[in-house]
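Structural characterization, general
One-letter residues, chain by chain:
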Amino acid sequence: MSIFTYVPRGLCLPLSIREKVLGLEHPDTGQNIFDLAALLRDKGNHTDAEPLYRRILSIHDNFVKQGTAISLKFISLVGACHSNLAFHSYVPAKNWKEAEYHYYRQALDLFNKVPNPLEAANVELNLQNLFHLSGKEPDLARVKELTRILEVGGDKRAEKGYMSVSYTHLRAHETVLD
């Protein structure tokens, strides 16, 4: 059974056809690649999603080298790739430096350019969690502020406990912040 059997609704053409029609480095091809990577990620298959994220980063790098105009939508997509690589590849491997400097910080920079305040807040909260996990002290006031941004924006990620380490750390020091 082909992976294209599981292509999310809304994708009209399988990736191989889009690559032929639009080209290997077209932003819409990148969107298809991202959707397939997200589908694999959602099924828990981070190993197969990782090279797809890296392929999108390569497309972005080529756009930058060629001086090609890049849409805000594609910049946001690239930010999500950086964030997903950090969260699903480098954090579990406890490769703190790679996760922080090469992925979370790049994702944060891209989401601030778009601008996408909810994604930027989520990535920065992940970065604060990374600090906590790696033994650094997270900025508790910033964690509280970022959590409020997600909550006010109606973002469900804060409720699902993605920031549980920060929340736990925050609750332990709540009296310091209030």
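Since the structure is predicted, the reported quantities are computational estimates derived from the model, not experimental observations.

In this section: the confidence of the model for the chain. Of all residues in the chain, 80% have pLDDT values of 70 or greater, and the mean over the chain is 77. No element of the chain has a lower mean pLDDT than helix α9 (residues 174–177), at 45, and none a higher one than helix α3 (residues 46–66), at 90. Across residues 1–7, confidence stays below pLDDT 50; counting only partners more than four residues off in sequence or on other chains, it has 10 contacts.

Another point: the side chain of S89. Tracing the chain through its elements places S89 in helix α4 (residues 72–90). One polar contact links S89 to E50, side chain to side chain, over a distance of 2.9 Å. Residues in contact with S89, not counting those within four places in the same chain, are E50 and N84.

We now examine helix α1 (residues 15–22). Buried residues of α1: L15, R18 and E19, and no others. Down the axis of α1, the sector holding all buried residues measures 100°, keeping them to one side. Within α1, the exposed residues directed more than 90 degrees away from the buried face are K20 and V21. Structurally, α1 contributes buried residues whose contacts are with α2 (27–42) and α3. Where α1 ends, the next residue or the one after it, G23, has phi of about 110°, a positive value.

To continue, consider the nonpolar core. F34, Y53, I56, F74 and Y104 are the most contacted members of the largest nonpolar core, which totals 37 residues. When contributions to this core are tallied by element, the ones reaching two or more residues are α2, α3, α4, α5 (96–113) and α6 (117–133). Considering every element that reaches this core, the biggest residue donor is α4, with nine residues. A121, L125, L146 and L150 belong to the second-largest nonpolar core, a separate cluster that totals five residues.

Turning next to α6. What sets the pattern is the α-helix's 3.6 residues per turn: residues three or four places apart point alike. Under the 1.5 Å per step criterion, the end-to-end length of α6 is 24 Å for 17 residues, consistent within 8% with the ideal 24 Å. The buried fraction of α6 amounts to 12 of the 17 residues, a majority that puts the element mostly inside the structure. Within α6 the residues assigned to the buried category are A120, A121, N122, V123, E124, L125, N126, L127, Q128, N129, L130 and F131. At the C-terminal side of α6, G135 shows a positive phi close to 95°.

Quick notes on the rules
Residues numbered from 1 in each chain as written. Predicted model: local features only at pLDDT ≥ 70, side-chain atom pairs only at ≥ 80, totals over all residues. Heavy atoms only, no water. pLDDT = per-residue confidence, 0-100. Helix = DSSP H or I, 4+ residues; strand = E, 2+ residues; numbered from the N terminus. Contact = heavy atoms within 4.5 Å. Polar contact = N/O pair within 3.5 Å; in protein donor to acceptor, adjacent residues only side chain to side chain. Buried < 20%, exposed > 50% of the residue type's maximum accessible area, 1.4 Å probe, protein only. Arc of directions from axis to C-beta. Core = buried A, V, L, I, M, F, W, Y, C linked by side-chain atoms within 4.5 Å. Expected span 1.5 Å × (residues − 1).

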